[in-house]
Amino acid sequence: MNKAFREVNVNEAPPIPYAVVSNDRLKLLMERTGTGEAVTSRELAAKSGVAHGTIGALMSGTQRLVPEDKAKAIAAVLGIDLLVLFIPMERSGRSFIPVQPQKEAV
């Protein structure tokens, strides 16, 4: 039997990407972080562990989505809550839509 396939845990949800609310908001938050200090794109990249090119693309608006771990790292460096800058997204067909809150069963 061919063992070229890999087992998939169907209970494990794929990671949710996060979209930047606004590239202007990102720039504003970089000018005044949670500590009151400014951070450059290179400093943000180095401190968050996110590629400088990704930070630049988020700032220019040419990229909107990043994985959750990168979104959390950027928010931590900026000293803000994750949802101040990012919106969790989910895939619907070929487009991304904001994640809808789950309703609790009654």
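Preceding this section is the structure that the text describes.
Worth saying up front: this structure is predicted, and the values here are computed from it rather than measured.

### So, the overall build of the chain
- For the chain, the count of helices and strands is five helices and four strands.
- Relative to its full complement of 106 residues, the chain shows a buried share of 28%.
- Of the contacts made within the chain by residues no fewer than 6 positions apart, 58% connect residues no fewer than 24 positions apart.
- Total accessible area on the chain stands at roughly 7,800 Å², and carbon and sulfur atoms take up 53% of it.

### Re the packing of helix H1 (residues 23–31) against helix H3 (residues 52–60)
- With their axes 7 Å apart at the nearest point, H1 and H3 run at an angle of 120° to one another. It follows that H1 is oblique to H3 by the angle criterion. Across the interface between the two elements, Asn23, Leu26, Lys27 and Met30 from H1 touch Leu58, Met59 and Ser60 from H3.

### Some words on the pattern of salt bridges
- For the structure shown, the criterion picks out one salt bridge.
- Note that Glu68 and Lys72 form a salt bridge whose closest N and O atoms lie 3.1 Å from each other. Of this pair, Glu68 and Lys72 both sit in helix H4 (residues 68–78), four residues apart, which is roughly one turn of that helix.
- For Glu68, a relative accessible area of 28% corresponds to the partly exposed category.
- Judged by relative accessible area, which is 45%, Lys72 ranks as partly exposed.

### Points about the environment of Leu85
- Mapped onto the fold, Leu85 is located in helix H5 (residues 82–85).
- Residue classification places Leu85 among the buried positions, given a relative accessible area of 0%.
- Along the chain, Leu85 and Tyr18 lie 67 residues apart, while their C-alpha atoms are 9.4 Å from each other.
- In contact with Leu85, not counting residues within four places along its chain, are Ala19, Val20, Val21, Ser22, Arg25, Leu26, Leu29, Ile74, Leu78 and Ile80.

### Examining the nonpolar core
- Core analysis: the largest hydrophobic core is formed by 21 residues, its most contacted members being Leu26, Leu44, Ile74, Leu78, Leu85 and Phe86.
- Sorting the residues of this core by element identifies strand S1 (18–20), H1, helix H2 (41–48), H3, H4 and H5 as the ones contributing at least two each.
- Considering every element that reaches this core, the biggest residue donor is H4, with four residues.
- Not counting residues up to four positions away in its chain, the partners in contact with Leu26 are Leu44, Leu58, Met59, Leu78 and Leu85.

### Considerations on H3
- Among the residues making up H3, those that are buried are Thr54, Ile55, Ala57, Leu58 and Met59.
- Check the buried side of H3 and you find it contacts S1, H1, H2, strand S2 (65–66) and H4.
- Immediately beyond the C-terminal end of H3, within one or two residues, lies Gly61, with a positive phi of roughly 90°.

Rules used throughout
Residues numbered from 1 in each chain as written. Predicted model: local features only at pLDDT ≥ 70, side-chain atom pairs only at ≥ 80, totals over all residues. Heavy atoms only, no water. Helix = DSSP H or I, 4+ residues; strand = E, 2+ residues; numbered from the N terminus. Buried < 20%, exposed > 50% of the residue type's maximum accessible area, 1.4 Å probe, protein only. Contact = heavy atoms within 4.5 Å. Areas by Shrake-Rupley, 256 points an atom, 1.4 Å probe, with all protein chains shown as cover. Axes fitted to C-alpha atoms, helices over the stretch in contact; angles between N-to-C directions. Parallel < 35°, antiparallel > 145°, perpendicular 65-115°, else oblique. Salt bridge = Lys/Arg side-chain N within 4 Å of Asp/Glu carboxyl O. Core = buried A, V, L, I, M, F, W, Y, C linked by side-chain atoms within 4.5 Å.

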